[in-house]
Amino acid sequence: MKQINTIRERGQVVEALPSLLFKIKLENGSEVLAHLAGKLRINRIKILLGDKVLVEMASLDDRRGRIVYRLK
């Protein structure tokens, strides 16, 4: 079985889309479509436009990811 490595990057929320999807602009300049991780949904953490977040992406697809932490 293939090992899938994850990459964590910082970014800023640019756009909020339906179904808890967000468009994130990463520090390196690329844009990623990300959804909320399970712990953020369970604890009802709100993500707003302009928030700085930590996005986790699989090494196989660098255009999609999930938001794992809301930075202060």
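Each remark here, short or long, concerns the structure printed above.
These numbers come from a predicted model, not from an experiment.

Sheet analysis places strand S3 (residues 31–36) next to strand S5 (residues 64–70), joined by 4 bridges and oriented parallel. Note on S5: the bridge partner recorded for Leu 36 is Ile 67. Bridge count for strand S4 (residues 52–58) against S5 is 4 bridges, and the pairing is antiparallel. Bridge pairing in S5 places Glu 56 opposite Arg 66. Count of turn residues in the S4/S5 antiparallel hairpin: 5 residues.

Attention now moves to the sheet that holds strand S1 (residues 6–17). Paired through backbone hydrogen bonds, the strands of a sheet run either parallel or antiparallel to each other. Reading around the barrel, the 5 strands line up as S1-S2-S3-S5-S4 and close back on themselves, with mixed pairing between neighbours. Direction aside, the axes of adjacent strands within the sheet are offset by 50° on average.

A positive phi angle, near 65°, is found at Ser 19, a position not held by glycine. Within the element layout of this structure, Ser 19 appears in the loop between S1 and strand S2 (21–26). When its relative accessible area of 64% is taken as the criterion, Ser 19 is described as exposed.

Another aspect to go through is the pairing of S4. The buried fraction of S4 is high, at 5 of 7 residues. Bridge count for S1 against S4 is 7 bridges, and the pairing is antiparallel. Pairing of Glu 9 across the sheet is with Val 55, part of S4.

Between side chains of opposite charge, a pair can form as their charged atoms come close. For the coordinates displayed, the defined rule picks out 5 salt bridges. The salt bridge involving Glu 15 is made with Lys 23; its shortest N-O contact spans 3.8 Å. Here Asp 61 ties to Arg 63 by a salt bridge, and the two come within 3.6 Å at their closest N and O atoms. Connected through shared salt-bridge partners, Arg 8, Glu 56 and Arg 66 make up one network.

Take the side chain of Glu 56 next. Counting through the fold element by element, Glu 56 comes out in strand S4. On the basis of relative accessibility, which here comes to 11%, the residue Glu 56 falls in the buried class. A distance of 3.1 Å separates a polar atom in the side chain of Glu 56 from a polar atom in the side chain of Arg 8. Within the local environment of Glu 56, its side chain forms a polar contact with the side chain of Arg 66, the two groups lying 2.6 Å apart. For Glu 56, the residues in contact, after removing those within four places along its chain, are Thr 6, Ile 7, Arg 8, Gly 65, Arg 66 and Val 68.

Rules of the game
Residues numbered from 1 in each chain as written. Predicted model: local features only at pLDDT ≥ 70, side-chain atom pairs only at ≥ 80, totals over all residues. Heavy atoms only, no water. Pairing = 2+ DSSP bridges. Helix = DSSP H or I, 4+ residues; strand = E, 2+ residues; numbered from the N terminus. Axes fitted to C-alpha atoms, helices over the stretch in contact; angles between N-to-C directions. Buried < 20%, exposed > 50% of the residue type's maximum accessible area, 1.4 Å probe, protein only. Salt bridge = Lys/Arg side-chain N within 4 Å of Asp/Glu carboxyl O. Polar contact = N/O pair within 3.5 Å; in protein donor to acceptor, adjacent residues only side chain to side chain. Contact = heavy atoms within 4.5 Å.

Nothing here speaks to function; it is geometry throughout.
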